[in-house]
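# Commentary on secondary and tertiary structure
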Amino acid sequence: MDLIQALAAELGKDPRHVENVVHLLDEGNTIPFISRYRKEATGGMDDVALRALDERLSYLRNLEQRK
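To keep things clear, this report deals only with the structure shown in the data block. (Residues numbered from 1 in each chain as written. Predicted model: local features only at pLDDT ≥ 70, side-chain atom pairs only at ≥ 80, totals over all residues. Heavy atoms only, no water.)

### Details of helix α2 (residues 15–26)
Its 12 residues give α2 an end-to-end C-alpha distance of 16 Å, which sits within 8% of 16 Å, the value for a rise of 1.5 Å per residue. Restricting attention to buried positions, one finds in α2 the residues V18, V21, V22, L24 and L25. Viewed end-on, α2 has its buried residues packed into an arc of 165 degrees, placing them on one side of the element. In this fold, the buried residues of α2 make contact with α1 (3–11), α3 (31–37), α4 (39–42) and α5 (47–66). Two residues or fewer past α2, G28 is found with a positive phi of approximately 100 degrees. (Helix = DSSP H or I, 4+ residues; strand = E, 2+ residues; numbered from the N terminus. Expected span 1.5 Å × (residues − 1). Buried < 20%, exposed > 50% of the residue type's maximum accessible area, 1.4 Å probe, protein only. Arc of directions from axis to C-beta. Contact = heavy atoms within 4.5 Å.)

Listed below in structure tokens is the structure:
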């Protein structure tokens, strides 16, 4: 299972929105910026959901690097 699908399943979010958030985070955008100005791309995720996604993304990427 790929990273986007795993995150979407864990968080109960649409995979398209999760993918958009991952791209926005990878581009260096901050969570407050994404939450306020990119609601259409995130499906209206709030700060709490974005932080949870960011933390889980970091964890899964670190886990993958250690393998």
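Right, picking up where we left off after that structure.
### What about the pattern of salt bridges?
When the charged atoms of two side chains lie near each other, side chains of opposite charge can form a pair. According to the stated counting rule, one finds three salt bridges in the structure shown. For D14, the salt bridge identified is with R16, shortest N-O distance 2.6 Å. Since its relative accessible area comes to 24%, D14 is described here as partly exposed. For R61, the salt bridge goes to D26, with nearest N and O atoms at 2.9 Å. Residue R61 is located in helix α5, and its partner D26 is located in helix α2; the two are separated by 35 residues in the primary sequence. (Salt bridge = Lys/Arg side-chain N within 4 Å of Asp/Glu carboxyl O.)

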